Every structure is written in structure tokens, then in C-alpha cells.
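# Summary of structural features
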Amino acid sequence: MERQDGGINQQKLRKSGKMAVAGLYRRILPSPPAIEFASSEGKRLFFEALQNGTMEGFFKLISHFQTQSEPAYCGLASLSMVLNALAIDPGRKWKGPWRWYDESMLDCCEPLEKVKAKGITFGKVACLAHCAGAKVEAFRTNQSNIGNFRNHVIKCASSEDCHLIASYHRKHFKQTGAGHFSPIGGYHAESDMALILDVARFKYPPHWVPLSLLWEAMETVDESIGHPRGFMLISSHQKAPSFLYTLSCRDESWMSIAKYLIDDVPVLLQSEMPENINQILYLILKSLPACAGNFIKWIAEVRRQEEDGSGVTNEEKERLALKEKVLEQVRETELSKYVAAMILSSTSNCKLREKDSLSAIAANVCCQGAALLSGGLTSRTRVCCKATCLKCFIVNGDEPTTVVSGTVVSGGDEQEVDMLVPESAATLGNQCDSALDNCILMHPTTSDVLTVLLLALPPSTWSDIKNENLSAEVHHLVSAENLPDALQQEVLHLRWQLHFLKRWKNNEVDDNVLSPAVG
């Protein structure tokens with residue numbers, strides 16, 4: 001695990017008649033081998049690298065430079081700094097109305113308390129970058145060489161569109177501590193030196209180091225996993241990786257659901273030998289774990305109610321339109337019709353049928369949103385939704401946008417929040433209607449969620465179906481190639497997430513961190 005040496009002996013205090021002071025105030029940067037960025041020599045290297053065009057990425061990074069908030073948060077701080085530099089929208093609020101990456105938001109691949117205590121591995125930082133919507137190319141030193149590394153450093157230093165995070169051991173620079181992560185901010189060709197923007201700014205300032213020595217520091221082995229360290233290239237996708245759905249591993253039950261979908265379903269189809277599509281769906285739904293609804297989620301946007309009662313912004317309207325487009329495309333698939341009919345049948349035994357109530361969804365989401373807007377979901381204070389109602393807003397004369405308004409109570413305090421829902425299929429007034437479940441809304445239902453989850457299963461799931469005609473029919477129904485662009489993008493992203501969770505389940509996430517090829 002990559003962790004800063006944050007532990008100090010609190011008993012080692014100065015007792016020379018002066019007031020005792022615990023802790024440390026910074027460290028002196030060992031030079032050589034490093035050259036402090038703010039020194040006269042460091043400034044010269046910066047100016048010459050700037051003239052040569054290998055400081056282009058520096059300005060975006062320095063604009064979002066942050067100090068890690070915990071001694072073991074170097075990986076999280078490096079990643080949130082890079083994500084913000086790339087202007088990747090997290091899609092959820094940080095504080096107040098602002099969407100912004102912070103270490104506290106990077107919790108999908110490893111619990112923050114565990115990272116705080118033990119640090120985080122190279123593979124899991126790459127996982128976090130993927131989950132955040134970035135394009136990631138990760139290389140351990142045994143998967144690359146110093147020549148390729150130098151080329152990647154130059155490429156990222158010469159561009160605003162790609163940034164490089166290095167995972168290395170501090171001992172090669174005569175620094176205290178062990179494993180560490182930091183972004184690389186620039187490159188000086190003549191001296192072959194890289195600029196490390198050290199996120200432990202309470203300890204060491206940014207500094208130049210010989211690239212060959214940095215490579216040696218990355219070649220060290222992280223003893224917690226038995227693999228060498230390395231570097232990752234992080235850039236943004238031309239399009240968002242997903243609009244409406246995501247797989248979640250926040251619930252402890254995710255591993256059993258992943259096992260069922262990845263391992264058990266193919267065996268079930270092979271052993272039971274279904275004869276038609278309905279039998280296939282029946283087999284899958286009959287044994288679907290009851291907690292499956294916690295595994296795949298549709299993404300709802302929650303905001304504080306505006307004091308002036310203003311409606312939906314153009315930006316919010318655009319995001320809702322993308323969600324609605326995906327939802328419509330899901331419902332237009334042939335598979336959706338089979339799934340909807342099966343769920344409605346009395347024989348499906350579907351564990352998720354009762355979760356389609358909009359009032360229940362709204363109450364749950366509004367509570368989660370209020371907790372996030374108040375600073376996190378870890379508070380022990382009980383949060384409950386007192387009431388929910390519907391509102392409609394019209395932006396620039398467009399079709400009305402549906403908003404579920406909720407009054408959330410926490411510790412005696414009330415908070416008014418809005419949940420933005422895909423466009424209503426009915427014309428609603430501006431007044432609240434407490435009977436949410438009597439309204440015709442396009443919010444994603446169990447049928448939609450299960451359809452997308454089935455589309456996201458790896459193609460190999462269906463390969464052991466013996467009946468050739470049935471096999472061809474299934475391939476036609478689930479093939480990503482037959483889907484429209486927006487839904488295809490959504491499905492491929494979910495398929496990649498499922499592939500990555502399989503590796504996680506099998507403890508393979510740190511074995512091979514290169515981006516998997518998922519068909």
C-alpha cells in the first residue's frame with residue numbers, strides 16, 4: 001500500500017524549558033538528487049522547459065494543485081487533482097451547489113476509512129480513475145521500459161489533455177517515507193528531469209528529479225501486493241462513459257450478485273437447457289438474489305431547492321435529456337418487451353418488483369442527497385423524508401421537466417431538496433401533487449434496469465446455449481452492435497464495470513492494471 005509516514009512519536013517533545021511542541025513542520029528536501037521547484041535552479045529548469053513546450057500540462061495541474069488531507073491520501077489527492085485539471089464532471093454535488101472532485105468523493109473502489117488507515121494500491125487508484133469517468137492507461141514497470149516512460153512523460157508534459165501520475169518509493173530520492181503517488185507536472189529535456197508536484201505539500205515542495213532515478217523508484221515492489229509500482233496516463237473521454245446507469249459495490253452484497261451474474265448464470269443456462277427466451281428469463285429471474293437492486297442503480301441528480309424558487313437550468317435540462325434518451329432506447333429494445341412481460345407475470349418471482357414506487361424511490365434518494373449535501377453519508381444522525389411532491393418547470397419553452405421535491409428531517413433540522421427525474425409523460429401543473437404514484441412518469445423501472453443489466457452481461461454468458469436457433473435469437477437480442485449509440489455506450493461501460501468487478505472479486509485487480517478489452 002502506498003502510504004505517507006504520517007505516524008510520529010507524540011512523546012518526543014522539546015523539553016528544554018520552552019513550550020513542548022508535538023509533530024513536525026515540513027522536511028528539508030534532500031538536494032541532490034532533487035532540485036526544489038522554487039529555487040533559482042528550479043526556476044531555470046522551468047523556464048527552459050517552458051520554452052521547449054514541455055510544461056503545457058503544468059498550468060492546468062497547478063490551477064488545481066491540492067495538499068492531501070490525510071497522510072495516506074496521496075493517491076486520492078493526486079487523482080482528484082488530475083480529474084479537476086481535466087475538467088471531468090463528477091456528476092454529483094461536492095458541497096453546496098458545486099460539482100467538484102475531492103478526496104472524499106473517491107470511495108467507489110476502496111472504503112475511505114481503509115485508505116486512511118492503510119493507503120491504496122496502484123491498481124485501485126486506476127480503478128478509481130475508471131469509475132470517475134476518465135480514460136486510463138496504467139503500466140507497471142514490468143509492463144513498460146524507461147524509454148516508453150520518457151515518451152509518455154514528454155507527451156503528457158506537452159499537452160493539456162493528458163496527465164501522468166507516478167507511483168514510486170521515496171527512498172531513491174533520500175526522502176523519508178515509503179510508497180507515494182504524485183502527478184508529473186513537466187519535463188526538462190536537456191537534463192532529463194521530471195517535475196514532481198508532490199501532493200504532500202506539508203512535507204516536501206514540488207521538485208525536479210532525474211527521470212532515470214524516478215524510473216528506479218517506480219521499479220520498487222509494493223510489498224503489500226507483491227507487484228512493482230508504475231505510472232498511469234489519465235485523460236478524458238470524448239463522451240461521458242455513462243449517462244443513466246452504474247454498477248455499485250457500496251453495498252456489501254455486491255460480491256454475491258457479481259458471482260451469480262458472472263459464474264452462476266452460464267452454468268444455469270447450460271444445465272437447464274431452456275427452449276425459448278421466456279424460459280431463459282424465468283431461470284435468471286427466479287434465482288436472482290434479493291439484493292440485486294443494490295447492485296445496479298439509475299443515477300438521480302439531487303440539489304438543494306433554490307431560495308428564489310427558480311426552476312431547472314439549461315445545463316440540468318441537457319443532462320436530463322441525455323438520461324431520457326437512454327431510457328427511451330432501452331424501452332425500444334426487443335429484450336425490454338420480454339423482460340417487462342416476464343416481471344408482470346405471476347411466475348417470475350422477481351425480487352425487485354416492489355421497488356418501482358416513485359414515492360419510495362424519491363424518499364430514499366432525497367435522504368441520500370440531503371446527507372451528501374450536508375457533508376457525507378457517514379453521519380450517525382438519522383435522516384428521514386417527511387414529505388415528497390411533484391413540480392414541473394419549463395425551460396425556454398421546452399417540454400416540462402419533472403422535479404420531485406422532498407422535505408428531509410435530520411436532527412430536528414429540515415432541508416428542502418429536489419430530485420431531477422427524466423421527463424414526465426404527463427402534463428403536470430406547477431403545484432405539488434402528493435400522490436406521486438398516480439402520476440405517469442418516465443422514471444426508470446425494474447424492467448428497464450434488468451434489461452440494461454442483461455444487455456451488459458458478457459457475450460460468453462450465452463455461449464453454452466445448445467439450441468442453435470435459440471442461441472441466434474439471444475445473440476440478436478443482447479448484441480451491443482445492434483444498439484443505438486447512446487445505449488451502446490451505456491451498455492459497454494456497464495460491461496466493463498462488470499468485468500472489472502469480476503477481477504476485484506477474484507483478487508485480480510492488482511495483477512494486471514491495463515485497461516481490459518471488453519466486447
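Chains are numbered independently. Their residues run from 1 in the order of the written sequence. pLDDT decides what is reported in this predicted model: residues at 70 or higher carry local features, side-chain atom pairs at 80 or more are listed and counted, and totals for whole chains, interfaces and linings draw on all residues regardless. Values reported for side chains reflect all heavy atoms of the structure, with hydrogen atoms and water molecules removed beforehand.

### Examining the overall build of the protein
In terms of regular secondary structure, the protein is built from 15 helices and 15 strands. Summary of the burial criterion: residues with accessible area below 20% of their type's maximum are buried, those above 50% are exposed, and those between are partly exposed, where the area comes from a 1.4 Å probe applied to protein chains only. Each of the 519 residues in the protein was classed as buried or not, and the buried ones make up 51%. Note on definitions: a residue-residue contact is assigned when non-hydrogen atoms from the two residues lie within 4.5 Å. Within the protein, contacts between residues separated by at least 24 positions form 69% of all contacts whose residues are at least 6 apart in sequence. Method for areas: the Shrake-Rupley scheme with a 1.4 Å probe, in which residue coverage is limited to the protein chains shown. As displayed, the protein has an accessible area near 23900 Å², and 50% of this comes from carbon and sulfur atoms. By the criteria applied, helices consist of DSSP H or I runs no shorter than four residues and strands consist of E runs no shorter than two, each listed in order from the N terminus.

### Re unusual backbone geometry
Here the amide bond leading from S31 into P32 is cis, since omega sits at 0°, within 30 degrees of zero. Looking at the secondary structure, you find P32 in the segment before β1 (35–36). Between P32 and the following residue, P33, the backbone shows a cis peptide bond with an omega angle of 10°. As for its placement among the helices and strands, P33 is situated in the segment before β1. Of note, D192 is a non-glycine position whose phi angle comes to about 55°, a positive value. Position of D192 among the secondary structure elements: in the loop between β4 (179–188) and β5 (193–196). For M273, which is not glycine, the phi torsion reads 50° and is therefore positive. Mapped onto the elements of the fold, M273 is located in the loop between α8 (254–272) and α9 (277–286).

### Remarks on helix α2 (residues 56–63)
For α2, the complete set of buried residues consists of G57, F58 and L61. Looking down the long axis of α2, one finds its buried residues gathered within 105° of arc, a one-sided arrangement. In this fold, the buried residues of α2 make contact with α1 (40–51), α3 (74–85), α6 (146–157), β3 (162–169), β4 and β5. It is the directions from the helix axis to the C-beta atoms whose arc is reported.

### Quick look at the sheet that holds β3
Only strands joined by at least two bridges in the DSSP assignment are considered to pair. Strand order in the open sheet made by the 7 strands is β1-β6-β5-β4-β3-β9-β2, with antiparallel pairing throughout. The open sheet terminates on both sides in strands that have one partner only, identified here as β1 and β2 (134–140). In this sheet, strand β9 (residues 230–236) lies alongside β2 in antiparallel orientation, the contact comprising 7 bridges. Pairing of K135 across the sheet is with S235, part of β9.

### Topic: the packing of aromatic side chains
To pair, rings of Phe, Tyr and Trp, with the six-membered ring standing in for Trp, must have centres within 6.5 Å; the planes then decide the type, stacked if under 30 degrees apart, edge-to-face if over 60, and tilted in the middle. Overall, the coordinates contain 9 aromatic pairs when judged by the stated rule. Measuring from centroid to centroid gives 6.4 Å for F46 and F59, while their planes differ by 65°, and the two rings are edge-to-face. Of this pair, F46 sits in helix α1 while F59 sits in helix α2, and the two are 13 residues apart along the sequence. Residue F46 is classed as buried on the basis of its relative accessible area of 18%. Look at F59 and you get partly exposed, because its relative accessible area is 36%. Measuring from centroid to centroid gives 5.3 Å for F58 and F59, while their planes differ by 85°, and the two rings are edge-to-face.

### Description of the pattern of salt bridges
Counted as salt bridges are all cases of a side-chain nitrogen of Lys or Arg within 4 Å of a carboxyl oxygen of Asp or Glu. Inspection of the entire model under this criterion finds 7 salt bridges. Close ionic contact of D192 with R150 constitutes a salt bridge, the shortest N to O distance being 2.9 Å. Of this pair, D192 sits in the loop between β4 and β5 while R150 sits in helix α6; the two residues are 42 residues apart in sequence, bridging distant segments of the chain. In this structure, K259 engages D264 in a salt bridge whose closest nitrogen and oxygen atoms are separated by 3.1 Å.

### So, the side chain of S235
Mapped onto the elements, S235 comes out in strand β9. Residues within four places of S235 in sequence aside, it is in contact with L86, I88, A134, K135, D161 and C162.

### Describing the environment of L164
If you trace the backbone, L164 turns up in strand β3. For L164 and V136, which are 28 residues apart along the polypeptide, the C-alpha to C-alpha distance reads 9.9 Å. In contact with L164, other than residues within four places in its own chain, are F149, H152, V153, C156, S182, P183, I184, F231, M232 and L233.

### Some thoughts on the nonpolar core
One finds I280, L454, W462 and V474 to be the most contacted residues of the largest nonpolar core, which totals 45 residues. Elements represented by at least two residues in this core include exactly α8, α9, α10 (314–331), α11 (334–344), α13 (446–456), α14 (468–478) and α15 (485–505). A per-element tally of this core places α8 first, with 8 residues. With near-sequence residues (within four places) excluded, V474 lies in contact with I277, I280, W462 and I465. What is meant by a nonpolar core is a set of buried Ala, Val, Leu, Ile, Met, Phe, Trp, Tyr and Cys residues, joined one to another through side-chain atoms within 4.5 Å. Among the nonpolar cores identified, the runner-up in size contains 43 residues, and F37, F46, L83 and A129 belong to it.

### With respect to the environment of E103
Position of E103 among the secondary structure elements: in the loop between α3 and α4 (112–118). C-alpha of E103 to C-alpha of Y73: the two residues are 30 residues apart in sequence and 7.5 Å apart in space. The contact partners of E103, leaving out residues within four places of it in the chain, are Q66, T67, Q68, S69, Y73, L76, A77, S80 and L112.

### Quick notes on α3
Compared with the 16 Å implied by 1.5 Å per residue over 12 residues, the 16 Å span of α3 between its first and last C-alpha is a close match. Listed in full, the buried residues belonging to α3 are C74, G75, L76, A77, S78, L79, S80, M81, V82, L83, N84 and A85. Where α3 terminates, the next one or two residues include A87, which has phi positive at roughly 60°. Multiplying 1.5 Å by the residue count of a helix minus one yields the expected span of that helix.

### Quick look at the side chain of D448
If you trace the backbone, D448 turns up in helix α13. Of the residues examined, D448 reaches a relative accessible area of 2% and is grouped as buried.

### So, the confidence of the model for the protein
Per residue, pLDDT measures the predictor's confidence, with a range of 0 to 100. When pLDDT is averaged along the protein, the result is 76, and 66% of the positions lie at 70 or above. Confidence over residues 4–17 falls short of pLDDT 50; this stretch has 24 contacts with residues more than four positions distant or in other chains.

### Regarding the pairing of β9
Burial analysis of β9 places 6 of its 7 residues in the buried class, which makes it a mostly covered element. Relative to β9, β3 is paired through 5 bridges, and the arrangement is antiparallel. Paired with C162 across the bridge in β9 is S235.

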